[in-house]
Protein chains: 2
Amino acid sequence: MLGPINLGLLGLGTVGSGVVRLLEQNKAIITQKLGQPLNIKRILVRDLNRPRQVAVDPALLTTDPETILGDPDIPIIVEVMGGTGTAREYILQALSRGKSVVTANKDLLALYGKELFDAADAHGADLLFEASVGGGIPIIRPLKECLAGNRIRQVMGIINGTTNYILTKMSREGRDFNDVLKEAQSLGYAEADPTSDIEGDDAARKMAILASIAFGTRITYPEVYREGIGRLSSHDINYARDMGYAVKLLGIAREDEDGIEVRVHPALVPLNHPLASVSDVFNAIFVEGDAVGETMFYGRGAGSLPTASAVVGDIIEGARNLQHHDRGRISCTCFYDKPLKPIGAIITKYYLRLVVVDRPGVLATIAGIFGEREVSLASVIQERMLGDLAELVLITHRVREKNVREALEVLGSLPVVKEIASVIRVEGGEAR
Amino acid sequence: MLGPINLGLLGLGTVGSGVVRLLEQNKAIITQKLGQPLNIKRILVRDLNRPRQVAVDPALLTTDPETILGDPDIPIIVEVMGGTGTAREYILQALSRGKSVVTANKDLLALYGKELFDAADAHGADLLFEASVGGGIPIIRPLKECLAGNRIRQVMGIINGTTNYILTKMSREGRDFNDVLKEAQSLGYAEADPTSDIEGDDAARKMAILASIAFGTRITYPEVYREGIGRLSSHDINYARDMGYAVKLLGIAREDEDGIEVRVHPALVPLNHPLASVSDVFNAIFVEGDAVGETMFYGRGAGSLPTASAVVGDIIEGARNLQHHDRGRISCTCFYDKPLKPIGAIITKYYLRLVVVDRPGVLATIAGIFGEREVSLASVIQERMLGDLAELVLITHRVREKNVREALEVLGSLPVVKEIASVIRVEGGEAR
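How each quantity is defined
- Residues numbered from 1 in each chain as written.
- Chains lettered and ligands numbered in written order.
- Predicted model: local features only at pLDDT ≥ 70, side-chain atom pairs only at ≥ 80, totals over all residues.
- Heavy atoms only, no water.
- Least-squares fit on C-alpha atoms with pLDDT ≥ 70 in both.
- Contact = heavy atoms within 4.5 Å.
- Axes fitted to C-alpha atoms, helices over the stretch in contact; angles between N-to-C directions.
- Helix = DSSP H or I, 4+ residues; strand = E, 2+ residues; numbered from the N terminus.
- Parallel < 35°, antiparallel > 145°, perpendicular 65-115°, else oblique.
- Left-handed = near helix turned anticlockwise from the far one by under 90°.
- Nonpolar A, V, L, I, M, F, W, Y, C, P; charged D, E, K, R; others polar.
- Buried area = accessible area lost by both parts, 1.4 Å probe.
- Salt bridge = Lys/Arg side-chain N within 4 Å of Asp/Glu carboxyl O.
- Pairing = 2+ DSSP bridges.
- Domains from an automatic or database assignment.
- Phe/Tyr/Trp six-rings, centres within 6.5 Å; stacked < 30°, edge-to-face > 60°.
- Buried < 20%, exposed > 50% of the residue type's maximum accessible area, 1.4 Å probe, protein only.
- Core = buried A, V, L, I, M, F, W, Y, C linked by side-chain atoms within 4.5 Å.
- UniProt positions renumbered as here; feature names shortened; annotations may be inferred.

Note on the identical chains: chain B maps onto chain A by a rotation of 180 degrees and an axial translation of 0.0 Å, with an RMSD of 0.0 Å. Here the transformation between the copies is reduced to the relation of a two-fold axis. Residue Phe297 of chain B, judged by its C-alpha, is the member of chain B lying nearest the rotation axis, at 2.5 Å. When you check the interface residues of chain B against chain A, 100% turn up at the interface there too, and the contact is symmetric in its surfaces.

Residue and element names in this part refer to chain B. Two numbers describe how helix α7 (residues 161–173) lies on helix α8 (residues 177–186): the axes approach to 9 Å, and their chain directions differ by 125 degrees. Here α7 lies oblique to α8, going by the angle between them. Like other packed secondary-structure pairs, α7 and α8 cross with a definite hand, here right-handed. Residues Tyr165, Ile166, Lys169 and Met170 of α7 form the contact with α8, whose own contacting residues are Phe177, Val180, Leu181, Glu183 and Ala184. Of the residues that constitute the contact of α7 with α8, the class distribution is seven nonpolar, no polar and two charged.

Moving on, we come to the interface of chain B and chain A. With 49 residues of chain B at the contact, the number on the chain A side is 49 residues. In terms of surface lost to chain A, no three residues of chain B exceed Cys146, Tyr298 and Arg329 of chain B, which account for 14% of the buried area on that side. At the boundary of chain B and chain A, one finds six salt bridges. Salt-bridge contacts for Arg141 of chain B lead to Glu145 of chain A; the nearest nitrogen and oxygen are separated by 3.1 Å. Elements with a minimum of two residues in the side of chain B that touches chain A: α1 (14–25), α2 (27–34), α6 (140–146), β12 (293–300) and α12 (304–323) of chain B. The greatest single-element share of the side of chain B that touches chain A, amounting to nine residues, is contributed by α12 of chain B. When its residues are assigned to classes, the side of chain B that touches chain A shows 23 nonpolar, 14 polar and twelve charged. Inspection of the sheet shows strand β12 (residues 293–300) of chain A paired to β12 of chain B by three bridges, in the antiparallel sense. Within the sheet, the bridge partner assigned to Tyr298 of chain A lies in β12 of chain B and is Met296 of chain B.

A word on the domain arrangement of chain A. In terms of domains, chain A is made up of domain 1 (5–136 + 304–323), domain 2 (140–299) and domain 3 (343–426). Distance between the C-alpha centres of domain 1 of chain A and domain 3 of chain A: 51 Å.

The next thing to look at is the sheet that holds strand β1 (residues 5–10) of chain A. All names here are of chain A. Spatially, six strands are ordered β3-β2-β1-β4-β5-β6 in an open sheet, and the strand pairing comes out parallel. Two strands in the sheet have a free side with no partner beyond their single neighbour: β3 (61–62) and β6 (127–128). In the sheet, β1 pairs with strand β2 (residues 38–44) via six bridges, with the strands oriented parallel. The residue bridging Leu10 from the neighbouring strand is Leu44, located in β2.

Turning to the packing of aromatic side chains, a few remarks are in order. The full count for this structure, using the stated rule, is nine aromatic pairs over all chains. With 5.6 Å between their ring centres and 75 degrees between their planes, Phe117 of chain A and Phe129 of chain A make a pair best called edge-to-face. Of this pair, Phe117 of chain A sits in helix α5 (residues 106–122) while Phe129 of chain A is found in the loop between β6 and α6 (140–146), placing the two residues twelve residues apart along the sequence. Considered together, Phe117 of chain A and Phe129 of chain A belong to a single accessibility category, that of buried residues. Centroid distance Phe282 of chain B to Tyr298 of chain B: 5.0 Å. Interplanar angle 5 degrees. Geometry classified as stacked. One end of the pair, Phe282 of chain B, is in strand β11 (residues 282–289); the other, Tyr298 of chain B, is in strand β12, with 16 residues separating them in the sequence.

With that settled, consider the environment of His235 of chain A. All names here are of chain A. In this fold, His235 is placed in helix α11 (residues 234–242). In this structure, the C-alpha to C-alpha distance between His235 and Met170, residues 65 residues apart in sequence, is 9.9 Å. Beyond its immediate chain neighbours, meaning those up to four positions away, His235 contacts Arg353 and Arg384.

Moving on: the nonpolar core. If you look at the biggest cluster of nonpolar residues, it comprises 157 residues, and the most contacted ones within it are Ile166 of chain A together with Ile166 of chain B. Beyond its immediate sequence surroundings of up to four residues, Ile166 of chain A is in contact with Phe177, Val180, Leu181, Ala184, Ile198 and Ile229 of chain A.

With that out of the way, let us pick up the environment of Arg42 of chain B. Residues and elements named next belong to chain B. Secondary-structure assignment places Arg42 in strand β2 (residues 38–44). With 83 residues separating them along the chain, Arg42 and Ala125 place their C-alpha atoms 20 Å apart. Residues within four places of Arg42 in sequence aside, it is in contact with Leu7, Gly8, Leu9, Ala59, Leu60, Leu61, Thr62, Thr67, Ile68 and Ile74.

Once that is clear, we can look at the UniProt feature "binding site: L-homoserine" (unreviewed entry) in chain A. All names here are of chain A. UniProt marks Glu191 with the feature "binding site: L-homoserine" (unreviewed entry), using the numbering shown here. For Glu191, the location among the structural elements is in the loop between α8 (177–187) and α9 (195–198). Look past the residues within four positions of Glu191 in its chain and what remains in contact with it is Gln185 and Asp197.

Residue and element names in this part refer to chain A. Of the strand pairs in this sheet, strand β10 (residues 259–270) and strand β17 (residues 417–426) are connected by two bridges, and their pairing is parallel. Along β17, the bridge assignment pairs Leu268 with Val426. Alignment of strand β13 (residues 347–357) against β17, held across eight bridges, turns out to be antiparallel. Residue pairing for β17: Val356 is matched across the bridge by Val417.

Spelled out as structure tokens, the structure:
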């Protein structure tokens, strides 16, 4: 038996604790697979005396990054501290000293992916990041390797557990957003400041990473169009279900002749689509390739041990590459520079809820305004009366977003249209 | 740009044609990823003059395996001919000459896996087989690599598209097995001789492969317990749905303290389980690991291009290993020799349909016989009257199969029990 491969952990929060626990729990089978044990030599923490989620030898802890980054006996650095500040600095230092890096840091990859990969390439080191998207769900490596023979057409994902939990509850229990959010916070499914989750920022970071791999062109986080779930009402969720749709926060990345689109927003998804039945905190990533057709990867998108599963899978890969003197096997795959469409250029279907004056001729006026902009309507349902007002729910055929926005602007200025209450895109094909 | 890496294809049927088409269709992106083109140098066929599903230069075709196996300029052999006869011989020859082998041949792996891996190891070659299970769905590599840090608890799969298509139709349209089978045959979803699919043999081969990887112990095809779907009636499917279950042909591999169980049979699956909504010819493999929790991999389990997607992914991996002088990275992972449970030793729940004489005291007698063997009943429903007979549908709590079998044997000999119409296992947790 060869001696151990030493690891340096940067961070000992939720994910870091899971990594420590998992490496201990499955030591025997991991050693068996690698033919060599993995050993956590040092762990960088901010405060030596803070209580920990996992039992660790206090002698392993350090507040000095140099005791890890400067140790030639630590060939693999595991970055699980998060953030784009010191984490970036430490990863760049580690790579520049030829160390392989395993990271779960989506924020960093979605902003500084190119810089990090360039550093890994320059020093022949590995940069592995399976844990950055979808927690424990294997998706990065399947996309980069197993599906490498495909031209990927689209990636559609439910990649934020907090919002999926909230939407599942709103749908099942007919409750309002703010009410369910509060419950999610008390259960620990939503953070005290839930902005990054509910505004779609977290999902946008993950979509930047997935789209970059899927289409071979670098997409960064600020380029991803996003809308959050804060404005969804339980009315819309109910109407959608009556029409055969679930409402999900979707990340969508698609390529056609006109370019790439990458966006995160609430969407109606047909109930018979595999993504529609992904509930609670579960995540799923639906990938369509020209050869494989439709595939989906499902599982827990967050949590200590699920995320540690992905991190440890990467550590084993990095260790194997070290053993075989074969690091940097697959580095950045952004070979192309493809144009990104503005949101107005996308073509999809729209669910619209309008509150209008209930008077003969109003529907004809509205249909006329849509018609002038080539927005054709697939269905129009008058849902309920609100005094002398009526609530109209419309679903359009596939149409360019720019045209819908123009039509809605005109409609919004009409005296008979009291409110444009909801505009939600419809994705994933026909209902039923 | 480096010169091409030559491939030798053994077989040009459905999968082989898909491989030829896909390598042509996505030549540019594959070359970009590898930094070197892939080139099909020769294709072994049985008959040079047969019409082909894909256009190929006739000069590539040969009926002489030695022109491929003996060509030192062909480092990668792609076996897509199927069967366990000459395919085995050719693969062993290829490996013994140090060539890497990509195969879609589940029959071969499920019977001769050890022999093939030993040959690959002995000659430092790769043996890659992602396409052998689940068609285009990435499952072998995710299981071997991404989830390598987990102790896998169970694998449950819908891994035969033909039977899933038949069961979906039976369920949706209330039609009988034989009727739907005929339709499936006319649509090309079932073969003229459908035995291997409907008896569960095909699924058993795939489960042998998955179980071997999941638990690190060699399971061969004959060791897998199997029952087919031919005896399922639409009554059972309807009753099951009323109780909140779908009926699926499941492959199940599970490990606990007592050993391994690997089995293929129809099963009731709660409608809220991710596997329940896998319809038509789609496949899905549900994997539970101690760290990752529940994950699922979904997609097309067969077909020319989906299967070619997996084959080409493996070809790219094999080519990369050649470029990096790093073959045999991950070979056989059957490190252990774990005991396999006999079917009588498994513990699960059972759906039972009995036809009994409708007379006071009969139910008490039946319950008594179950009770004596510690089979406790979770629910008893009297479904319909058939003259002076009654149809009883029972679901048991979790119980040892041996006890259920003993109870049923006693029941079968009772004059008041006219028929033990159905015995179907219940898997995947509670309904609703």
